[in-house]
Amino acid sequence: MQKIPVIRDKKSSDITIISSDDVVKIECIRDKEFIIHTVSDKYYWAASLEVFEEWLYEEGFRLIDQMNVVNMNHVTDYEPRKGVVTLRSGTSSRYKTASAAWIHGEHITNVRSLLGKMKELDQGIPPSHEGDELFETVLAQEEDHRFARSYAMIKALYEKKKAELLLEESELRYKSLFEHNPDPICSLNLNGLLTSVNPAMFQVIGYSEQELSGGTIQPLILPEHYPLWLQHFQDTLNGSTPHYELTFLHKDGYPVEASVLNFPIFVGKQIAGVYMIGQDISDRKRAEEMLIRSEKLSVVGQLAAGVAHEIRNPLTSLKGFVQLLQGKINGYDNYFDIMLEELDRINFIVSEFLVIAKPQSVRFQKKDAGAILQNTLMLMGSQALIHNVDIHTHIDPDLPPILCDENQIKQVFINILNNSVDSMPAEGGQIHIEFLRTDHEQVLMRFTDQGCGIPEDRLPRLGEPFYTTKEKGTGLGLMVTFRIIENHGGTLQFHSALGQGTTVEIIIPAVIPGGTLAV
């Protein structure tokens, strides 16, 4: 856009600067004297037209007769028979006219057509093959070098604008692909600093754009996985496209498993950075773990059924012989009673062991969880006393009943208390038990001990068959415990840290008035 110095009239000495965009016509009144027309006004200009020849062509001004040079961008109508063009600017209702020589008629039509294609680009209409053909046709047919120059200038501007639009469209497509991609994407410069992160990445790791912009990626990666990422980053800078699995750390501290693809960013022929495209595979990992756990349970179930069958046969024989001896030997009734009780206990444990093998015929009844706990503590009292462990209980006075199989819930309490007692140091400790009513009409049963605690990385694996933190444990006790609570529609959670004790929380739906379960 050019600025033109003009005066109001010939006698004026005050110079006014107007924009070439506002000029609709330059009228020659004599050699080196011109009237500069806008839609609403006119000014005088004393100069040689050739001095401004180049920018006149660039701005769209074209000679249409011996006296008039008009801004073809403002031509809104052309009447060949009268040899007149109408000039308007913007949305103004005012207009001016200029005479056009007959010889320039085809030229005016061609220029208007070509400028029309330019306006389409200005309006955001994508370039078409038809527009390209129009330029080629007009240029090929024109023999007058003055007109051909005009067309070539307009084509050059058209091609420049078209390239800008195509570049803008490409950038918008890239931006849309980047921002709306469901997979997390980020880019890094050669120093490993984040230069851009898409919304999916923010969602996966929990950080905001302000928190990540310009920072390093190291805090977002599990520390033990960072060397792996660094190696793949260097490989990418060398031209490779590694595909690997990586664990990110959410802002809240939990891990996020991801499958990551790196590829280099090229600017020209040089690598200027690295793109990382990830896919959250946490759900897939959990599904794989559940499948493995299910397979383990199946094997354990078959083993449990076989072991229970093999144990019960000799138990029946032992119990029969003890009863036979009891009837024939006098003076040892107390010992025989203890032996029979222990055999019955072994038989009961075998029955509970079958919970692993297949669903049992259980009797769900409305029971008081607090009463079941007290009965369990009577059985566990001697063991706690031997290990110098004090058990403190708090049971909510208005604790609602639960629908359960009493023996199975008792087995859960025994398993948890056994684990707590076993984890205590040699000098003993305390176990605090709370049974509370939650706001969601559920019963919360919390067991807190002062034992050695469980490492955080082992907590997710508790309940897997054969996985245990005890030296002589089998891991089956907690597995049975998890299964019993799941069958009762409840949840079981462990909270622990090494050297800080363990808290076990069981939540089971309560029986609300009317005999129905709270959901």
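Caption draft 1: Quick look at the pattern of salt bridges. One pass over the structure, following the stated rule, counts 13 salt bridges. One salt bridge in this structure joins Glu 441 and Arg 437, with 2.7 Å as the shortest N-O distance. Given a relative accessible area of 33%, Arg 437 falls into the partly exposed group. Taking the shortest distance from any N to any O, the salt bridge between Arg 446 and Glu 505 comes out at 2.9 Å. Within this pair, whereas Arg 446 is found in strand β20 (residues 442-449), its partner Glu 505 is found in strand β22 (residues 502-509), the two being separated by 59 residues in sequence. Each member of the pair, Arg 446 as well as Glu 505, is classed as buried.

Caption draft 2: Quick look at the sheet that holds strand β17 (residues 389-395). Spatially, the 5 strands line up as an open sheet ordered β17-β19-β20-β22-β21, and their pairing is mixed. The sheet is open, and its two borders are formed by β17 and β21 (491-496), each paired with just one other strand. Across the sheet, the mean angle separating the axes of adjacent strands is 15° when strand polarity is ignored. This element, helix α10 (residues 369-386), spans β17, β19 (429-437) and β20 of the sheet and lies at about 170° to β17.

Caption draft 3: Summary view of the sheet that holds strand β11 (residues 185-189). Spatially, the 5 strands line up as an open sheet ordered β12-β11-β15-β14-β13, and their pairing is antiparallel. A single partner strand is all that each edge strand has here, and the edge strands are β12 (194-197) and β13 (243-249). When strand polarity is set aside, the average angle formed by the axes of neighbouring strands in this sheet is 30°. Direction of pairing for strand β14 (residues 255-267) relative to strand β15 (residues 270-280): antiparallel, over a ladder of 10 bridges. Its bridge partner lying in β15, Phe 263 is registered against Tyr 275.

Caption draft 4: Broad picture of the packing of aromatic side chains. What the rule picks out here adds up to 10 aromatic pairs. Judged by centre distance (5.4 Å) and plane angle (40°), the ring pair of Phe 263 and Tyr 275 falls under tilted. Placement of Phe 263 in strand β14 and of Tyr 275 in strand β15 is noted, with a sequence separation of 12 residues between them. By relative accessible area, which is 27% here, Phe 263 ends up partly exposed. Grouped by ring-pair contacts, the aromatic residues Tyr 226, Trp 229 and Phe 233 constitute a single cluster.

Caption draft 5: Focus on empty space enclosed by the protein. Considering all chains together, one arrives at 1 cavity of 30 Å³ or more under this definition. Quantified by volume, the largest cavity comes out at close to 30 Å³. As for the largest cavity, its lining consists of Pro 184, Cys 186, Met 201, Phe 248, Val 260, Met 276, Ile 277 and Gly 278. The residue inventory of the lining of the largest cavity, partitioned by class, reads 7 nonpolar, 1 polar and no charged.

Caption draft 6: Region of the structure containing helix α11 (residues 406-423). End to end, α11 covers 26 Å across 18 residues, agreeing with the expected 26 Å (1.5 Å per residue, within 8%). Among the 18 residues that make up α11, 13 are buried, leaving the element largely enclosed by the rest of the structure. A distance of 3.2 Å separates the backbone nitrogen of Asn 407 from a side-chain oxygen at the start of α11, and that oxygen is part of Asp 405.

Caption draft 7: Highlighting the packing of helix α2 (residues 105-122) against helix α3 (residues 129-141). Viewed as axis vectors pointing N to C, α2 and α3 meet at an angle of 150°, and their least axial separation amounts to 10 Å. The angle between α2 and α3 places the two elements in the roughly antiparallel class. The chirality of how α2 crosses α3 is left-handed. Mapping the contact onto sequence places Asn 110, Ser 113, Leu 114 and Lys 117 in α2 and Glu 130, Gly 131, Leu 134, Phe 135 and Val 138 in α3. Classifying every residue of the contact of α2 with α3 by side-chain character gives 4 nonpolar, 3 polar and 2 charged.

Caption draft 8: Molecular detail of the nonpolar core. In this structure, Phe 413, Ile 433, Phe 435, Met 445, Phe 447, Phe 494 and Ile 506 are the most contacted members of the largest nonpolar core, which totals 38 residues. Every element with two or more residues in this core is listed here: α10, β18 (402-404), α11, β19, β20, α12 (476-487), β21 and β22. Per-element accounting of this core gives the leading share, 7 residues, to α11. If sequence neighbours within four positions are ignored, Met 445 has contacts with Ala 369, Phe 413, Glu 434, Phe 435, Val 504, Glu 505, Ile 506 and Ile 508. Counting 24 residues, the second largest nonpolar core, distinct from the first, contains Ile 205, Leu 212, Ile 217 and Phe 233.

Caption draft 9: Focus on the environment of Gly 451. Its location among the elements puts Gly 451 in the loop between β20 and α12. Sequence separation between Gly 451 and Pro 425 is 26 residues; the distance between their C-alpha atoms is 6.5 Å. Apart from the residues within four sequence positions on either side, Gly 451 is in contact with Ser 423, Met 424, Gly 499, Gln 500 and Gly 501.

Caption draft 10: Local environment of α2. An ideal rise of 1.5 Å per residue puts 26 Å on 18 residues; α2 measures up with 26 Å between its terminal C-alpha atoms. Turning to α2, its buried residues are Gly 105, His 107, Ile 108, Asn 110, Val 111, Leu 114, Leu 115, Lys 117, Met 118 and Leu 121. Backbone geometry just after α2 places Gly 124 at a positive phi near 85°.

Caption draft 11: How the structure looks around the pairing of strand β7 (residues 68-71). Of the two faces of β7, the one holding Asn 68 and Val 70 and the one holding Val 69 and Asn 71 are both buried throughout. Two elements, strand β3 (residues 23-30) and β7, share 3 bridges in a ladder whose sense is antiparallel. Within β7, the position partnered with Lys 25 by the bridge is Val 70.

Caption draft 12: Geometry of the confidence of the model for the protein. Per-residue pLDDT for the protein has a mean of 81; in total, 85% of the residues score no lower than 70. When pLDDT is averaged over each element of the protein, β20 comes out on top at 94 and strand β24 (residues 516-517) at the bottom at 55.

Caption draft 13: Here's a closer look at the side chain of Thr 247. Tracing the backbone through its elements, the reader meets Thr 247 in strand β13. A polar contact is formed between the side chain of Thr 247 and the side chain of Glu 257, at a distance of 3.2 Å. Ignoring any residue separated from it by four or fewer positions in sequence, one finds Thr 247 in contact with Leu 220, Ile 221, Leu 222, His 225, Pro 255, Val 256 and Glu 257.

What counts and what doesn't
- Residues numbered from 1 in each chain as written.
- Predicted model: local features only at pLDDT ≥ 70, side-chain atom pairs only at ≥ 80, totals over all residues.
- Heavy atoms only, no water.
- Salt bridge = Lys/Arg side-chain N within 4 Å of Asp/Glu carboxyl O.
- Buried < 20%, exposed > 50% of the residue type's maximum accessible area, 1.4 Å probe, protein only.
- Helix = DSSP H or I, 4+ residues; strand = E, 2+ residues; numbered from the N terminus.
- Pairing = 2+ DSSP bridges.
- Axes fitted to C-alpha atoms, helices over the stretch in contact; angles between N-to-C directions.
- Contact = heavy atoms within 4.5 Å.
- Phe/Tyr/Trp six-rings, centres within 6.5 Å; stacked < 30°, edge-to-face > 60°.
- 1 Å grid on protein atoms, 1.4 Å probe; cavity = no way out; pocket = protein on both sides within 12 Å on 5 of 7 lines; lining within 4 Å.
- Points joined across faces, edges and corners; volume = space filled by probe spheres on them.
- Nonpolar A, V, L, I, M, F, W, Y, C, P; charged D, E, K, R; others polar.
- Expected span 1.5 Å × (residues − 1).
- Polar contact = N/O pair within 3.5 Å; in protein donor to acceptor, adjacent residues only side chain to side chain.
- Parallel < 35°, antiparallel > 145°, perpendicular 65-115°, else oblique.
- Left-handed = near helix turned anticlockwise from the far one by under 90°.
- Core = buried A, V, L, I, M, F, W, Y, C linked by side-chain atoms within 4.5 Å.
- pLDDT = per-residue confidence, 0-100.

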